[in-house]
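# Remarks on the overall topology
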Amino acid sequence: MAPGLFITLEGGDGSGKSTQSVLLEGWLVDDGRIVVHSREPGGTELGLELREIILHSRGYIAPRAEALLYAADRAHNVATIVRPSLARGEIVIQDRYLDSSVAYQGAGRVLDAVEVRDLSLWAAEGLLPDLTILLDLDVAAGRARLDADDKVFDRLEAEKDDFHTRVRDSFLALAAAEPERFLVVDATLPVDRIATIIRSRVSTLLAL
Ligand code: TYD
């Protein structure tokens, strides 16, 4: 059976991941590919309940509890959606994956990055993406986009700018450490231009 392709999108809040993942999905479907679109947190029924707890429950959640909740969501998503789809040879496009845990719970919440990564890898039974697209945006620009959306901030979005600066720096460091897996794109470029850059990289992967 042809192995599938696992593509994740990462970046700070307001970096345009959802827009680009929808565009990428449309392009691949038009090309006749079978695409499964998932997200973390909340790609499954259980994940939706966990997402509510993680992002919208009132009151304090201890950083290690937060890391475990994201890991639980990831374990269930990988076991029930991602792995079965990849085994069928499908393409999985996913908004956020383990790099978000390393950036937000590791750098943001100041937990040990290696421990957070190991926890995620345990949850996902070692599954790493074939390609991770990092939409890089400076913190002030991300904040301005969120403000323009006029929505109520979730638990992570409500964090201060220094938290989001640590998150951004961590994403960039992760990308620098694994240049073959990551494609870093300037999120201030026009939407069409970003989509073209992403397509070009995905085309190369599909041709392999
Ligand atoms: P997301 O669904 O991208 O937010 P939205 O749809 O509101 O733009 O992600 C929700 C939040 O969860 C986001 O602030 C990042 C955070 N997050 C973590 O802190 N750790 C993780 O492992 C993941 C997957 C997300």
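The following paragraphs examine the structure supplied in this document. Residue positions are given per chain, counted from 1 along the sequence in the order it is written. This being a predicted model, a pLDDT of at least 70 is required before a residue's local features are given, and a value of 80 or more before pairs of side-chain atoms are given or counted; all residues contribute to the totals for chains, interfaces and linings. Remark: hydrogens and water are excluded; side-chain values derive from all non-hydrogen atoms of the structure.

### As for the site of the ligand
What counts here: Nearness is judged by heavy atoms alone; a residue qualifies as near a molecule or strand once a single heavy atom is within 4 Å of it. Any pair of nitrogen or oxygen atoms within 3.5 Å is treated as a polar contact; in protein, a donor-acceptor pairing is required on top of that, and neighbouring residues in sequence qualify only through side-chain atoms on both sides. Per-residue and other accessible areas were derived by the Shrake-Rupley procedure at a 1.4 Å probe size, with only the shown protein chains allowed to occlude residues. Working definition: helices are DSSP H or I runs of at least four residues, strands are E runs of at least two. Numbering for both runs from the N terminus.
With respect to spatial proximity, 17 residues lie near the ligand, and among them Asp 13, Arg 51, Arg 96, Ser 101 and Gln 105 are the closest. Residue Ser 101 places a side-chain N or O atom 2.5 Å away from an oxygen atom belonging to the ligand. Here an oxygen atom of the ligand and a side-chain polar atom of Glu 157 are 3.4 Å apart. Computed on the free molecule, the ligand has an accessible area of 560 Å², of which 89% lies beneath the protein chains in the complex. Elements supplying a minimum of two residues to the shell around the ligand: helix H2 (45-56), helix H3 (63-87) and helix H4 (98-108).

### So, the pairing of strand E3 (residues 91-95)
Heads up, the rule is: Three labels apply to residues, based on accessible area from a 1.4 Å probe with only protein chains included: buried if under 20% of the type maximum, exposed if over 50%, partly exposed otherwise in between. Pairing between strands is defined by DSSP: at least two bridges between them are needed.
Among the five residues that make up E3, five are buried, leaving the element largely enclosed by the rest of the structure. Residues of E3 alternate between two faces, with Ile 91, Ile 93 and Asp 95 on one and Val 92 and Gln 94 on the opposite face, all of them buried. Bridge analysis of strand E1 (residues 5-11) against E3 gives five bridges, and the strand direction is parallel. Within E3, the position partnered with Leu 5 by the bridge is Ile 91. In the sheet, strand E2 (residues 35-39) pairs with E3 via five bridges, with the strands oriented parallel. Of the residues in E3, the one forming a bridge with His 37 is Ile 93.

### Remarks on the sheet that holds E2
Stated formally: Here an angle of 0 to 180 degrees is reported between the N-to-C directions of two axes, which are lines fitted to C-alpha atoms, with helices fitted over the stretch in contact. In this description, contact between two residues means that some pair of their heavy atoms is separated by no more than 4.5 Å.
Pairing is parallel across the open sheet formed by five strands, whose spatial order is E2-E3-E1-E4-E5. Both outer strands of the open sheet, E2 and strand E5 (182-186), are each paired with one neighbouring strand and no more. Across this sheet, the average inter-strand angle for adjacent strands is 20°, counted without regard to direction. Bridge analysis of strand E4 (residues 131-136) against E5 gives five bridges, and the strand direction is parallel. Bridged to Leu 135 within E5 is Val 185. The sheet contacts of helix H1 (residues 17-30) involve E1, E2, E3 and E4, and relative to E3 the element is tilted by about 165°. Against the sheet, helix H7 (residues 161-177) contacts E1, E4 and E5, and its axis sits at roughly 140° relative to E4.

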